[in-house]
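Listed below are the residues making up each chain.
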Amino acid sequence: MENDENNPDDLDEGEKEETERDWETSKERIIALIDADQSMLATFADRLGEEDVDERSYLSWAIMCIVELMQSRIKIAPNDEIGIVFYSTRGRSESEELRPFDHVYEYVKLDVPDAATIRKLQEFKDAEFEITPGCSNVSTAPGRAAEDLRHGLWACWDIFGRRGGSSARVAKTILLFTNNQDPVADARDSAPHLREQLCNRARELGGLAVNVELIPLIQLAQPEAFDYAPFWRQVLGECAAAARGLRGALALDGEEVAALMEEQAESVATKLHRVRGVGVRTRNRKRPLAAMTWTLSPSFKIAVQVTSGWPRLHEGTPTWFVS
């Protein structure tokens, strides 16, 4: 009888095929894909809290949500990786990997968040962002909003792919912040072609088992201002269908996806609380610690996975002060 002990992220390909379907993911990679069109600079008041009302732009609101997400994940899931990508920017990333994508800017590389990254985001200012990389005005160029979104989704697919996107041991999520309910609305004759290109990008992301979660912040200020039906229902449905074909547990059934497209302001607020780490559900998420497989015969194996519902605590590093 063979006795194999493995790190949950290092199972060989043969074992992955047989075990990954039923086992929990060991970590999560999250990319916040944020629309940087000038319309995102409009301000609205914070109605999620019960204390002082805070008025800020939709762009700053998205950054604040990611800051709170990072702070939460550092405590409850310290191995999770988070990155931020803007689309519809005037400039583009200078990195060799993302340089081909027009109007796409990688603001935070996909990695485990640290104090320096959180500090950078907490100091985010709209005025500084308008200088570099800058916000575009997509309304002046028909079809530009759809092209920029396509490049943004493509860039996320490329980032996940370079980090081992085919591994089902790692959960992958895109948090898409935008207030544009139909990016192809102004594309005129090219609208069907652009829509099909975006659906293709969504299917490719679904092929990597990526979950795309749409967060239209405008619904917090104007509940009736965002309609999922013209565009997003189809695109998100294509992504979910592709992921469902890859792994049934990763995506909702089509009817459930369609039902989620009818969200109102209250459900968007609930979604934001979940993204920001408010609640118990995320805290109780199981995380694999180790995996073992016993091979009794060529056709019979026993696999055991050890999981933990709570993060491991480590002794802090002392800081010495000299007076």
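Rules used throughout
- Residues numbered from 1 in each chain as written.
- Predicted model: local features only at pLDDT ≥ 70, side-chain atom pairs only at ≥ 80, totals over all residues.
- Heavy atoms only, no water.
- Helix = DSSP H or I, 4+ residues; strand = E, 2+ residues; numbered from the N terminus.
- Contact = heavy atoms within 4.5 Å.
- Core = buried A, V, L, I, M, F, W, Y, C linked by side-chain atoms within 4.5 Å.
- Buried < 20%, exposed > 50% of the residue type's maximum accessible area, 1.4 Å probe, protein only.
- Phe/Tyr/Trp six-rings, centres within 6.5 Å; stacked < 30°, edge-to-face > 60°.
- Lys NZ or Arg CZ within 6 Å of the ring centre and 35° of its normal.
- Axes fitted to C-alpha atoms, helices over the stretch in contact; angles between N-to-C directions.
- Parallel < 35°, antiparallel > 145°, perpendicular 65-115°, else oblique.
- Left-handed = near helix turned anticlockwise from the far one by under 90°.
- Nonpolar A, V, L, I, M, F, W, Y, C, P; charged D, E, K, R; others polar.
- Polar contact = N/O pair within 3.5 Å; in protein donor to acceptor, adjacent residues only side chain to side chain.

As for its placement among the helices and strands, V235 is situated in helix α8 (residues 232-246). Separated by 36 residues in sequence, V235 and C199 place their C-alpha atoms 5.3 Å apart. If near-sequence neighbours (up to four positions away) are discounted, V235 is found in contact with C199 and A202.

A few words on the nonpolar core. Ranked by size, the top nonpolar core spans 74 residues in total, and within it I66, I84, F86 and F177 carry the most contacts. The element that contributes the greatest number of residues to this core is helix α2 (residues 58-76), accounting for eleven residues. Beyond its immediate sequence surroundings of up to four residues, F177 is in contact with A32, L33, I34, D35, M40, A62, C65, I66, I215, L217 and L272.

Taken as a whole and assessed by the stated rule, the structure comprises ten aromatic pairs. When the centroid spacing of 4.5 Å and the interplanar angle of 50° are considered together, the rings of F86 and F129 count as tilted. Taken as a pair, F86 in strand β5 (residues 81-87) and F129 in helix α4 (residues 126-131) lie far apart in primary sequence, 43 residues in all. Take F129: its relative accessible area is 2%, and that puts it in the buried class. Measuring from centroid to centroid gives 6.1 Å for Y107 and F129, while their planes differ by 65°, and the two rings are edge-to-face. One end of the pair, Y107, is in strand β6 (residues 104-111); the other, F129, is in helix α4, and 22 residues separate them in sequence. F129 shares its class with Y107; the two are buried. In textbook terms, an aromatic cluster arises when at least three aromatic residues are bridged by ring pairs, as seen for F86, Y107, F124 and F129. If you follow K120 out to its NZ or CZ, it ends over the ring of Y107, 4.3 Å from the centre. The cationic tip of R201 hangs over the ring face of W154; the distance from NZ or CZ to the ring centre is 3.8 Å.

Between helix α5 (residues 144-162) and helix α6 (residues 191-207), the least distance of the axes is 10 Å, while the angle of their chain directions is 15°. Compared by their axis directions, α5 and α6 come out roughly parallel. Considering how the two elements wind past one another, α5 and α6 form a crossing that is left-handed. Between α5, through A146, E147, L149, R150, L153, W154 and W157, and α6, the contact on the second element is made entirely by L194, Q197, L198, R201, E204 and L205. Across the contact of α5 with α6, the residue classes break down as eight nonpolar, one polar and four charged.

Moving on: the side chain of S93. With respect to the helices, strands and loops of the structure, S93 is situated in the loop between β5 and β6. Using a relative accessible area of 4% as the deciding quantity, one classes S93 as buried. Of the polar contacts made by the side chain of S93, one reaches the backbone nitrogen of E106; its length is 2.6 Å. Residues contacting S93, with those up to four places away along its chain left out, are L98, R99, V104, Y105 and E106.

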